[in-house]
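Descriptive structure summary
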Amino acid sequence: MMLFPKIIEYQPYSICNANCTYCPVGHLNREQKLKGNSISQEVFETLIEQTKSQKIERVSPHLNCEPLLCKELPDQIKTWKKYHPNAIIDLSTNAVFLNEKMFLNLVDAGLDILELHYMGVNKDYHEKAMKTNYEKVKGNVDLALELKKKYNVKMDIVVFSHRLKGASLSQWNDFATSLQDKGARISLGPLWNRAGWYGKEFEKKRKGILKSNKPYPCPKPWNQIAVEHDGEVVLCSLDYKKVVKIGNILKNNIIDIWNNEVMKRYQEGQNDIKKLKKLDLCNECIRGGRYLINEATLTKLVTKKIENPIAKLFYKKYLQVIDLF
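Now for a description of the structure that goes with this document. (Residues numbered from 1 in each chain as written. Predicted model: local features only at pLDDT ≥ 70, side-chain atom pairs only at ≥ 80, totals over all residues. Heavy atoms only, no water.)

With respect to burial, strand E4 (residues 113-117) is a largely interior element, 5 of its 5 residues being buried. Residues Ile 113, Glu 115 and His 117 line one face of E4 and the alternating positions Leu 114 and Leu 116 line the opposite face, and both faces are buried. Across 4 bridges, strand E3 (residues 88-93) lies against E4 in parallel orientation. The residue bridging Thr 93 from the neighbouring strand is Leu 116, located in E4. (Buried < 20%, exposed > 50% of the residue type's maximum accessible area, 1.4 Å probe, protein only. Helix = DSSP H or I, 4+ residues; strand = E, 2+ residues; numbered from the N terminus. Pairing = 2+ DSSP bridges.)

Attention now moves to the nonpolar core. Grouped together as the largest cluster of nonpolar side chains are 100 residues, with contacts concentrated most on Leu 98, Leu 106 and Trp 172. Other than its neighbours up to four places away in sequence, Leu 98 contacts Leu 68, Phe 103, Leu 106, Leu 114, Leu 116, Asn 140 and Ala 144. (Core = buried A, V, L, I, M, F, W, Y, C linked by side-chain atoms within 4.5 Å. Contact = heavy atoms within 4.5 Å.)

Quick look at the packing of aromatic side chains now. What the rule picks out here adds up to 8 aromatic pairs. Here the aromatic rings of Tyr 10 and Trp 80 are separated by 5.8 Å at their centres, their planes lie at 40°, and the arrangement is tilted. Of the two residues, Tyr 10 is situated in strand E1 (residues 7-10) and Trp 80 in helix H3 (residues 73-83); the sequence distance between them amounts to 70 residues. Judged on exposure class, the residue Tyr 10 and its partner Trp 80 are both buried. On the basis of an interplanar angle of 75° and a centroid distance of 5.4 Å, the ring pair of Trp 197 and Tyr 240 is categorised as edge-to-face. Note that Trp 197 is positioned in the loop between strand E6 (185-190) and helix H8 (201-205) and Tyr 240 in the loop between strand E8 (232-234) and strand E9 (247-248), a separation of 43 residues in sequence. Among the residues examined, Trp 197 registers a relative accessible area of 33% and is labelled partly exposed. You can call Tyr 240 buried: its relative accessible area is 9%. Here the aromatic cluster, defined as three or more aromatic residues joined through ring pairs, consists of Tyr 118, Tyr 125, Trp 172 and Phe 175. For the cation-ring pair, Lys 205 lies above Tyr 198, with the distance from its terminal atom to the ring centre recorded as 5.1 Å. (Phe/Tyr/Trp six-rings, centres within 6.5 Å; stacked < 30°, edge-to-face > 60°. Lys NZ or Arg CZ within 6 Å of the ring centre and 35° of its normal.)

This next bit is on helix H4 (residues 100-109). Turning to H4, its buried residues number three or more, namely Met 102, Phe 103, Leu 106 and Ala 109. Mapping the buried residues of H4 onto a view down its axis gives an arc of 130°, with all of them on the same face. Exposed residues on H4 whose side chains face more than 90 degrees from its buried face are Lys 101 and Asp 108. As for H4, its buried residues are in contact with H3, E3, E4, helix H6 (134-150) and strand E5 (156-163). Looking one or two residues past H4, Gly 110 carries a phi angle of roughly 105°, positive in sign. (Arc of directions from axis to C-beta.)

Our next topic: the layout of surface pockets. If a probe as big as a water molecule is rolled over the atoms, it shows which places are left empty. Approximately 300 Å³ is the volume attributed to the second largest pocket. Lining the second largest pocket we find 15 residues, and of these Asn 29, Gln 32, Leu 34, Glu 228 and Lys 242 sit closest to its centre. Here the lining of the second largest pocket is composed, by residue class, of 4 nonpolar, 6 polar and 5 charged. (1 Å grid on protein atoms, 1.4 Å probe; cavity = no way out; pocket = protein on both sides within 12 Å on 5 of 7 lines; lining within 4 Å. Points joined across faces, edges and corners; volume = space filled by probe spheres on them. Nonpolar A, V, L, I, M, F, W, Y, C, P; charged D, E, K, R; others polar.)

A few words now on the side chain of Ser 14. With respect to the element layout, Ser 14 can be found in the loop between E1 and helix H1 (25-31). From its side chain, Ser 14 meets the backbone oxygen of Lys 35 in a polar contact 3.0 Å long. Only 2.7 Å separates the side chain of Ser 14 from the backbone nitrogen of Asn 37, close enough to count as a polar contact. (Polar contact = N/O pair within 3.5 Å; in protein donor to acceptor, adjacent residues only side chain to side chain.)

Structure, rendered in structure tokens:
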């Protein structure tokens, strides 16, 4: 039986405006002096044509870029909903361009999940981490939550942050609970080393104990294809230099790319530690699964809200201890 990806992640725009310290995309865009371009109509139509007869569970139009720079994005979401009405459309943005008009256009288009990357524990922390204007981003996040409540919008709004040095779990708890009160869902995850991209620099940034130095299996090669704005297929969002050559949807059909020898090697390698150790990128990748405290636990810790002042004081002390791990 031929396999087909359940998740389509694609790049609606070629660059990102942010220059985050924990993600090399913005830095690489500047270093390579890339110009911003929306995905071509040919590539987008090819994506639709090659997937419309398949069962797609999720579409994520945010691969290694700032998707809100793409003016055609709301129309693209409408098209995905037309051909894949049961698929979840999940959009991730740094919120710099999330004004009222854009928000309402995304709602009208049928977006299911709006994920906001926001490190707003405080102004200094956010601006050092993401190098975007704290007041602007905070205002846009608050506005989106206000509009969600005002218009009774069903779309899920998720604020996602990375845990890295410079903020305590107690601070994250204050940040998370305040946003929950406004209607956001919160997710706090450990820092990734971006498939080995940061090398020793990773140790200077990350917070949290690793439970293992062994490669950790990843579901992405089994279920998620990543298509850049020019049709090039990359292993995942962490293959910044296109180390793994897979194919281009303008030259080959997705089903053929997904079942070629390169993808088979990466798929099968997730089930065999010996093979996994030999796979470029995967063998060096540190994501949530290799941490003692994973994303689910971190999120549960920081989203716990305690009203009783004495109980809250004890919980803050507890978080101080957990912060050591």
